[in-house]
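Each chain is listed here by its residues.
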Amino acid sequence: RRSSDLEERGIHKLRPFPGDSVGIGLWINDGGQVVGQSGSCNNTILPPLANGPRAVLWENGAVIDLGNLGGACLNGCKSAALGAFGNTPLYISNRGLVVGLSTLAGEQTFHAFSWTRETGKMQDLGTIPGDYASAAIGANDRGEVVGLSLDTNGTPRAFLRRNGVMIDLNTLLPANSPIHALVAQFINATGEIAGFGVNGSGQTHAFLATPCP
């Protein structure tokens, strides 16, 4: 857009957390709440592979530190299997439910998290049983969360977290399903899930999973 157009629409800075110098906005809801990351030049990677040390929420002119699951990543976090990672909120619902991924103590892996103002701290959503890491990517206003869970080699499989239980989405699909779901990206109010996976030939395809009556 032309700079004059942006000025007319009131573009303004979302300032990083005090003491930081880099801020990255990653998602916005209909109420204008923005989630993203805050850090410094030496511990933050810019999009499209965004990750940094501090998960933050911007609202009403303030920046709020959402905390972490034990790993601060102040010097950056990286593993041979998973690559670089940090404390990253990826989605905020219209009800203020924030989900993403956060580093565990020891800074060797990360888990999916959820955060609400009512709890005031991150909740570790865990992984599909037997897996090593996970990331929450989307949620709906019923509190259902979707994302991916990874084994020690970094191989993903899509998950749905419902009623406090982490479920391999593939176990809910028909036996003759044409897709093995790798990543669940979005879930809407009726429980439909969109993402991508592979078919029997190893080709990548998008999918839409619709709940059975």
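Read on for an overview of the structure. (Residues numbered from 1 in each chain as written. Predicted model: local features only at pLDDT ≥ 70, side-chain atom pairs only at ≥ 80, totals over all residues. Heavy atoms only, no water.)

### Digging into the sheet that holds strand E1 (residues 22–28)
Sheet strands pair via backbone hydrogen bonds, and the direction of the pair is either parallel or antiparallel.
Moving on, step 1. A sheet is described by the order of its strands in space; here four strands give the open sequence E1-E2-E3-E4, paired in antiparallel fashion. Where the open sheet ends on each side, the last strands, each with one partner, are E1 and strand E4 (62–65). Direction aside, neighbouring strands of the sheet carry axes that sit 30° apart on average.
Moving on, step 2. For E1 and strand E2 (residues 34–39), the ladder comprises six bridges, and the chain directions are antiparallel. Across the sheet, the residue bridging to Ile 24 is Gln 37, located in E2. (Pairing = 2+ DSSP bridges. Helix = DSSP H or I, 4+ residues; strand = E, 2+ residues; numbered from the N terminus. Axes fitted to C-alpha atoms, helices over the stretch in contact; angles between N-to-C directions.)

### Side note on unusual backbone geometry
Moving on, step 1. If you check the backbone angles, Cys 73 has positive phi at about 55° while not being a glycine.
Moving on, step 2. Summarising the element assignment, Cys 73 is placed in the loop between E4 and strand E5 (77–79).
Moving on, step 3. The class for Cys 73 is buried, based on a relative accessible area of 1%.
Moving on, step 4. In the Ramachandran plot, Asn 163 falls in the positive-phi region, its phi being about 55° despite a non-glycine side chain.
Moving on, step 5. Mapped onto the elements of the fold, Asn 163 is located in the loop between strand E13 (156–162) and strand E14 (165–168). (Buried < 20%, exposed > 50% of the residue type's maximum accessible area, 1.4 Å probe, protein only.)

### With respect to the packing of aromatic side chains
Moving on, step 1. Going through the model one piece at a time under the given rule, you end up with three aromatic pairs.
Moving on, step 2. Consider the rings of Trp 27 and Tyr 91, whose centres lie 5.1 Å apart with planes at 50°: the pair is tilted. Here the residue Trp 27 occupies a position in strand E1, and Tyr 91 occupies one in strand E7 (residues 88–92), the gap between them amounting to 64 residues.
Moving on, step 3. Taking relative accessible area as the criterion, Tyr 91 reaches 15% and is therefore assigned buried.
Moving on, step 4. Pairing Trp 27 with Phe 186 gives two aromatic rings, centres 6.1 Å apart and planes at 45°, and the pair type is tilted. Pair noted here: Trp 27 is in strand E1 and Phe 186 is in strand E15 (residues 180–187), with a separation of 159 residues, a long-range link.
Moving on, step 5. Of the residues examined, Trp 27 reaches a relative accessible area of 31% and is grouped as partly exposed.
Moving on, step 6. Residue class for Phe 186 comes out partly exposed when judged on its relative accessible area of 39%.
Moving on, step 7. Connected via pairs of aromatic rings, a cluster forms that spans Trp 27, Tyr 91 and Phe 186. (Phe/Tyr/Trp six-rings, centres within 6.5 Å; stacked < 30°, edge-to-face > 60°.)

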